Each structure stands twice: as structure tokens, then as C-alpha cells.
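Analysis of the macromolecular model
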Amino acid sequence: MPKKTKKEKILAAYRKKLRLLEQSNIKSPPSLTSEVNVRTTNTRTSEVKQTEKIAPPKYFFLDLRKSLILVSIIIAVEIGLYFAKLIK
């Protein structure tokens, strides 16, 4: 079996990204999908693409919350170590 050419590799990567995007759209909340379905029947495809761009990133707020928790824990440990040195 011959090896893939550079163009075939690029096309395969593109198809994989498209498949992942389709799967993520299927797993999206029902309220967003119903709005998009209603808009697809009533409007053009260019307007639907604009509504899909408006949706907030899926994991942005979860990652932001985790980052803020970790930063606050680190700062608390630093302050605790500072006061521990002052007491000694």
C-alpha cells in the first residue's frame, strides 16, 4: 500500500476536524440546537453561520473558574509561608 502524499494527509486532517466539529455540535445543549434549526428554516445559511459564532466557548468558563481557584490557593499558601517566617 503506498504512503499518503502531503495533500492526502492535509485532507485527512481536515476531514477529522470536520467530524469532531460535527460531533461537538451534536452534543451541544438542546436550546442552542433548536434555535439554530429554527433559524435554518427561516433564514439563509450565512445568517446561521453568524448565530453559531455567537455561542460562547464550551469550556472557557470552566477553565477560568479552575484557574482562579488554583491561583487563589497558591497565593494563600504564599501568604501563609510569609506569616510563618515572621512568627519564627
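In this text, all values refer to a predicted model and were calculated from it rather than measured experimentally.

About the thresholds
Residues numbered from 1 in each chain as written. Predicted model: local features only at pLDDT ≥ 70, side-chain atom pairs only at ≥ 80, totals over all residues. Heavy atoms only, no water. UniProt positions renumbered as here; feature names shortened; annotations may be inferred. Helix = DSSP H or I, 4+ residues; strand = E, 2+ residues; numbered from the N terminus. Phe/Tyr/Trp six-rings, centres within 6.5 Å; stacked < 30°, edge-to-face > 60°. Buried < 20%, exposed > 50% of the residue type's maximum accessible area, 1.4 Å probe, protein only. pLDDT = per-residue confidence, 0-100.

1. Points about the UniProt feature "transmembrane region" (unreviewed entry) in the protein chain
The positions UniProt marks with the feature "transmembrane region" (unreviewed entry) are residues 68-87. In residues 68-87, helix accounts for 100% and strand for 0%; the two terminal C-alpha atoms are 29 Å from one another.

2. Notes on the packing of aromatic side chains
Enumeration according to the criterion identifies two aromatic pairs in this entry. Their ring planes at 75° and their centres at 5.2 Å tell us that phenylalanine 60 and phenylalanine 61 sit as a pair that is edge-to-face. Note on phenylalanine 60: relative accessible area 43%, which makes it partly exposed. Overall, phenylalanine 61 belongs to the exposed group, its relative accessible area being 55%.

3. A closer look at the confidence of the model for the protein chain
In this model, the protein chain carries a mean pLDDT of 77, and residues with pLDDT of at least 70 account for 66%. The element-level mean pLDDT for the protein chain is lowest in helix H2 (residues 30-42), coming to 51, with helix H4 (residues 60-87) highest at 94.

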